[in-house]
Amino acid sequence: MNREFNLFPQQASTIAGEVDSLYFFLVAVTALFTLLIFVMIVYLGLKYRRRPGVKPQKVKTSMKLELTWTIIPFVITMVMFAWGAKVYVDLERPPADAMVINVISKQWMWKLQHPEGVREINTLHIPTGRPIKLVMTSQDVIHSFYVPAFRTKQDVVPGRYTTSWFEAKQQGRFHLFCAEYCGTDHSKMIGEVVAMEPSEYQAWIAGTVSDVPPAVAGEKLFYNYNCQTCHGQRAPTLAGLYGKRVQLTDGSTVVADDNYIRESILNPAAKVVAGYPGSLMPTYQGQLTEDQLLELIAYIKSLNNASSGDSASGTMPLPTTREGR
Ligand code: CUA
């Protein structure tokens, strides 16, 4: 850990420089105007102070002046808007090939799982030079996954998934904080992200006791709950579903992402797929843990690349391979 005094955390992710540039721009503009206003107040206050024998002048209006102090701030705020929007979009859209880490938060710890199945608590090992996407949910209250060195912070909310992504550009150990007050031990809900060279990371993964990969565990669950008796027959097939736009009975469409699949498992009647009126699917609310939900989603997602021989070997018809999102 870097123990020197740093006013700013290291710029350890690909996006950190972008965030900082924007931040410094905002600080510079703010400082400039603060200074300008301060100086003008003092200067004009002195220059036009009331003096004995001098009558107050009539105020003259100036179109030029009005236009200047309207147009300049307008341009500056539009730069802030466009620049901010760009950085926001970059921060919000994980690359399609990102490695997915499942994150479940609870009072007061971070539970993390790698696609290979390796589980960690409060420490996340990642390879450098590879985009990492976090799919996060909470077992209890709202937490927030904050890695200052990566300039990423995202609330982690019960009952739904939020995502965050980053790509570490240098090796190192970086602070992980919970950035949302979540109870007594909020301040102890801290950890570390350990960024390693890809080869080192592979060696680490290989040398760690691994749980079953989420997609494989999800496949098992899928058959344990007999989901296959309906899906692919009187219920929509799930192969190739992930990331696809789905037509619903009410005529609207929805993208089958993590949150949609989660909702469809827990509350099947909420968004019924067109052509399947009077859905008979029971709710699995209260029957599945957050881990199991993520596993089922990982399994359904894996059906998209089943032909590339990943982990899924369902009895379901193989999908025509398509890129999700
Ligand atoms: Cu979890 Cu604060």
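Our structure's up above, just so we're on the same page.
How each quantity is defined
Residues numbered from 1 in each chain as written. Predicted model: local features only at pLDDT ≥ 70, side-chain atom pairs only at ≥ 80, totals over all residues. Heavy atoms only, no water. Core = buried A, V, L, I, M, F, W, Y, C linked by side-chain atoms within 4.5 Å. Buried < 20%, exposed > 50% of the residue type's maximum accessible area, 1.4 Å probe, protein only. Helix = DSSP H or I, 4+ residues; strand = E, 2+ residues; numbered from the N terminus. Contact = heavy atoms within 4.5 Å. Arc of directions from axis to C-beta. Salt bridge = Lys/Arg side-chain N within 4 Å of Asp/Glu carboxyl O. Pairing = 2+ DSSP bridges. Axes fitted to C-alpha atoms, helices over the stretch in contact; angles between N-to-C directions. 1 Å grid on protein atoms, 1.4 Å probe; cavity = no way out; pocket = protein on both sides within 12 Å on 5 of 7 lines; lining within 4 Å. Points joined across faces, edges and corners; volume = space filled by probe spheres on them. Nonpolar A, V, L, I, M, F, W, Y, C, P; charged D, E, K, R; others polar. Parallel < 35°, antiparallel > 145°, perpendicular 65-115°, else oblique. Left-handed = near helix turned anticlockwise from the far one by under 90°.

### So, the nonpolar core
General note: in soluble globular proteins, nonpolar side chains tend to be found buried as a group.
Next up, step 1: Counting residues in hydrophobic clusters, the biggest one holds 31 residues, and the most contacted among them are Ile126, Leu134, Phe145 and Phe150.
Next up, step 2: If you list the elements that add at least two residues to this core, you get strand S1 (99-106), strand S2 (109-113), strand S4 (123-127), strand S5 (132-138), strand S6 (143-147), strand S9 (172-178), strand S10 (190-196) and helix H3 (198-206).
Next up, step 3: Broken down by element, this core gets its largest block of residues, 4 residues, from S10.
Next up, step 4: In this structure, Phe150 is in contact with Ala12, Ser13, Ile15, Ile126, Phe166, Ala168, Phe174 and Val193, ignoring residues within four places of it in sequence.
Next up, step 5: In terms of nonpolar packing, the next biggest core, distinct from the first, is built from 29 residues, Val246, Ala256, Leu293 and Ile300 among them.

### Focus on H3
Residues separated by three or four positions in an α-helix point in the same direction, a consequence of the helix having 3.6 residues per turn.
Next up, step 1: Every buried residue of H3 is listed here: Tyr201, Trp204 and Ile205. The buried residues of H3 occupy an angular sector of 95° when projected down its axis, which confines them to one face. Turned more than 90 degrees away from the buried face of H3, the exposed residues are Ser199, Ala203 and Ala206.
Next up, step 2: Tucked into the core, H3 has its buried residues touching S1, strand S3 (119-121), S4 and S10.

### Describing the pattern of salt bridges
Next up, step 1: Evaluation of the coordinates by the stated rule reveals 10 salt bridges.
Next up, step 2: With its nearest N and O atoms 2.7 Å apart, the salt bridge here joins Arg151 to Asp20. In this pair, Arg151 is assigned in the loop between S6 and strand S7 (152-156) and Asp20 in helix H1 (residues 16-47), connecting sequence segments 131 residues apart. Summarising the burial analysis for this pair, Arg151 and Asp20 share the class buried.
Next up, step 3: The salt bridge involving Asp211 is made with Arg119; its shortest N-O contact spans 2.6 Å. With Asp211 in the loop between H3 and helix H4 (214-224) and Arg119 in strand S3, the pair connects residues that are 92 residues apart, well separated along the chain.
Next up, step 4: Judged by relative accessible area, which is 36%, Asp211 ranks as partly exposed.
Next up, step 5: Connected via shared salt-bridge partners are Arg119, Asp211, Asp291 and Glu295.

### Focus on the sheet that holds S9
Strand pairing within a sheet occurs via backbone hydrogen bonds; the two strands may be parallel or antiparallel.
Next up, step 1: As summarised here, the arrangement of the 5 strands in space is S4-S10-S9-S6-S7, forming an open sheet in which the pairing is mixed. Only two strands of the sheet have a single neighbouring strand rather than two, namely S4 and S7. Neighbouring strand axes in the sheet, compared pairwise and without regard to direction, differ in orientation by 20° on average.
Next up, step 2: Of the pairings in the sheet, the one linking S9 to S10 comprises 6 bridges and is antiparallel in character. In the strand pairing of S10, Phe174 is matched with Val193.
Next up, step 3: Lying over the sheet, H3 contacts S4 and S10, oriented at roughly 130° with respect to S4.

### Some words on unusual backbone geometry
Next up, step 1: In this model, Gln107 is joined to Trp108 through a cis peptide bond whose omega is 0°.
Next up, step 2: Relative to the assigned elements, Trp108 resides in the loop between S1 and S2.
Next up, step 3: One non-glycine residue with positive phi stands out, namely Arg151, at about 60°.
Next up, step 4: Residue Asn226 is not a glycine yet carries a positive backbone phi of 55°.
Next up, step 5: One can find Asn226 in the loop between H4 and strand S11 (245-247).
Next up, step 6: With a relative accessible area of 42%, Asn226 lands in the partly exposed category.

### Re the pairing of strand S8 (residues 162-166)
Next up, step 1: Buried residues dominate S8, accounting for 4 of its 5 residues.
Next up, step 2: Pairing of S5 with S8, which is carried by 5 bridges, proceeds in the antiparallel orientation. Among the inter-strand pairings, Met136 is bridged to a residue of S8, identified as Thr162.

### Digging into the layout of surface pockets
Next up, step 1: Reported here for the second largest pocket is a volume of approximately 840 Å³.
Next up, step 2: If you trace the second largest pocket, you find 38 residues lining it, with His231, Ala235, Pro236, Leu238 and Met281 closest to the centre.
Next up, step 3: For the lining of the second largest pocket, the secondary-structure elements that each account for two or more residues are S11, helix H5 (258-266) and helix H6 (290-302).
Next up, step 4: No other element matches the 4 residues that H5 contributes to the lining of the second largest pocket.
Next up, step 5: Across the lining of the second largest pocket, the residue classes break down as 25 nonpolar, 9 polar and 4 charged.

### Some points on the packing of H1 against helix H2 (residues 63-92)
Next up, step 1: At a minimum axis distance of 10 Å, the contact between H1 and H2 shows a crossing angle of 160°. The angle between H1 and H2 falls in the class roughly antiparallel. Classified by chirality, the crossing of H2 by H1 is left-handed. Packed against H1, whose contacting residues are Glu18, Val19, Ser21, Leu22, Phe25, Leu26, Val29 and Phe33, the element H2 presents Ile76, Val79, Met80, Trp83, Gly84, Lys86, Val87, Asp90 and Leu91 at the interface.
Next up, step 2: In terms of residue class, the contact of H1 with H2 is built from 12 nonpolar, 2 polar and 3 charged.

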